[in-house]
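# Structural overview for review
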Amino acid sequence: MFTFILRRVLQLPLILFGISVLIFGLTQFLSADIRAASFAQSEKQAQPAFIAGIIERYHLDADFFTQYRIWLEQVFHGNLGYSRTAHLPVVEALAIKIPATMELALVAIVVIALFGISVGILTAVTRNSWFDHTIRVLSIIAYGFPTFVVGIFVITVFYGILQWFEPGRINTILSLTAGLPTTDGFLFFPSLFAGKWDIVLDLIKHLFMPVLTLTFVISPQLIQVVRSNVIDVLRQDYVRTAKAKGLPTTAIVVKHALRNALIPVITVLGSILIGLLSGSIITETIFIYPGVGLWASQAAQTIDIPSVIGFALFAATTVTLINLLVDIFYGIIDPRIRYE
């Protein structure tokens, strides 16, 4: 197992190197004046009067390899430029925005996984029943709706007409008066562990509709994968033998069928988590949720190149790391994969 994990980890630097070359290569289509903003470390340095000096200092008119080496040195030193959108260095902006996105993604993936796996198993066990047919039809309908369409409907009805919820991450007055338990950007889990239930309830109220929208749009894919895999496993000989021995259906599904049906499910959950973290732009923009996706959306609209590059690096790194974790889980669940 250690060798299997080590091989996957050793591939990581090579993949990240390729991603950095690709992202930096795409910036070469921009003029040197625009690329110079990626090297500014303050709002003052990002002003046009300092651009010529940055171009000369960082050799932005040199060949590709020289520029890439200098840019990579700056990245390793934590300099991704200055974000005009956040009025902060890009690294500081990422450190502030990422925790909000992670909380939304983690709460959403837990809800989606619990709902999708439970309903998928029930539809597989009750195959061809009225429940199975109803869920399949609803899944096809829900899967056809884009996130922004559902989000706009939810915003109009529950935020605009009924006024049951408010956009954002936390009530402004509560954030000023309740004494937030953390300064590192995370709110939900520190508040939960500190027993600050007024903050926890307000955070849940703000997360409820974004998570419900994501569950409505994403869980049908998971339901179908779980259903088809559990049905395939239930057809295996060892399951028939277990049934012949008189084992209850619940024990057969939980102890025998579910484990073997998990590998494709983990693949789907990994893809969903990647989408929730790196593809958070649409959800956060619709619900004005102050995470890295909303920041990237605003940066793209104002052509804030350093912020866009910072988001691209965050998204690419997220995809790579989650794929690594999925590979490791594969090895844990199915030992045969370690020897391939």
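About the criteria used
Residues numbered from 1 in each chain as written. Predicted model: local features only at pLDDT ≥ 70, side-chain atom pairs only at ≥ 80, totals over all residues. Heavy atoms only, no water. UniProt positions renumbered as here; feature names shortened; annotations may be inferred. Salt bridge = Lys/Arg side-chain N within 4 Å of Asp/Glu carboxyl O. Helix = DSSP H or I, 4+ residues; strand = E, 2+ residues; numbered from the N terminus. Buried < 20%, exposed > 50% of the residue type's maximum accessible area, 1.4 Å probe, protein only. Polar contact = N/O pair within 3.5 Å; in protein donor to acceptor, adjacent residues only side chain to side chain. Contact = heavy atoms within 4.5 Å. Patch = residues over 30% accessible without salt bridge, like charges linked within 9 Å, V, L, I, M, F, W, Y side chains within 5 Å. Areas by Shrake-Rupley, 256 points an atom, 1.4 Å probe, with all protein chains shown as cover. Phe/Tyr/Trp six-rings, centres within 6.5 Å; stacked < 30°, edge-to-face > 60°.

In the annotation of an unreviewed UniProt entry, the protein is listed under the name Peptide ABC transporter permease and assigned to Deinococcus roseus. Per UniProt, the protein carries the Subcellular location (unreviewed entry) text "Cell membrane". Among the UniProt annotations of the protein, the heading Sequence similarities (unreviewed entry) holds the following wording: "Belongs to the binding-protein-dependent transport system permease family."

To continue, consider the pattern of salt bridges. Tallying each qualifying case throughout the model produces five salt bridges. One salt bridge in this structure joins Arg-69 and Glu-73, with 3.2 Å as the shortest N-O distance. A residue pair is termed a helical-turn pair when its members lie 3 or 4 positions apart in one helix, as Arg-69 and Glu-73 do in helix H4 (residues 64–76) at four residues. A relative accessible area of 45% places Arg-69 in the partly exposed class. With its nearest N and O atoms 3.4 Å apart, the salt bridge here joins Asp-237 to Arg-240. In this pair, Asp-237 and Arg-240 are both assigned in helix H11 (residues 237–244), three residues apart and thus about one turn of the helix distant.

Take the side chain of Thr-320 next. Structurally, Thr-320 is set in helix H16 (residues 305–333). Note on Thr-320: relative accessible area 8%, which makes it buried. Of note is the side chain of Thr-320, whose polar atom sits 2.8 Å from the backbone oxygen of Ala-316. Not counting the four nearest positions on each side in its chain, Thr-320 is found in contact with Leu-12, Ile-15, Leu-16 and Ile-19.

What follows concerns a nonpolar patch on the surface. Taken together, the side chains of Val-137, Leu-138, Ile-141, Phe-145, Phe-148, Val-149, Ile-152, Phe-216 and Ile-282 make up a nonpolar region of the molecular surface, amounting to roughly 780 Å² of accessible area. Broken down by secondary-structure element, the contributors of at least two residues to the nonpolar patch are helix H6 (130–143) and helix H7 (147–161). Position of Phe-145 among the secondary structure elements: in the loop between H6 and H7. For Phe-145, a relative accessible area of 36% translates into the label partly exposed.

A separate point is the UniProt feature "transmembrane region" (unreviewed entry) in the protein. Mapped onto the present numbering, the UniProt feature "transmembrane region" (unreviewed entry) falls at residues 12–32, 104–125, 137–161, 173–195, 207–226, 261–289 and 309–333. Secondary structure across residues 12–32 divides into 81% helix and 0% strand, with the first and last C-alpha atoms of the span separated by 31 Å.

The next subject is unusual backbone geometry. Positive phi is not limited to glycine here, since His-59 has a value of about 55 degrees. Turning to its location among the elements, His-59 is positioned in the loop between helix H3 (48–57) and H4. The backbone of Ile-288 sits at a positive phi, close to 50 degrees, despite the residue not being glycine. Tracing the backbone through its elements, the reader meets Ile-288 in the loop between helix H14 (281–286) and helix H15 (292–301). On the basis of relative accessibility, which here comes to 48%, the residue Ile-288 falls in the partly exposed class.

Time to look at the packing of aromatic side chains. Tallied over the entire structure, the rule returns 15 aromatic pairs. Centre to centre, the rings of Phe-64 and Phe-65 are 5.6 Å apart; their planes meet at 85 degrees, and the pair counts as edge-to-face. The class of Phe-64 is partly exposed, set by a relative accessible area of 28%. Overall, the relative accessible area of 66% leaves Phe-65 in the exposed class.

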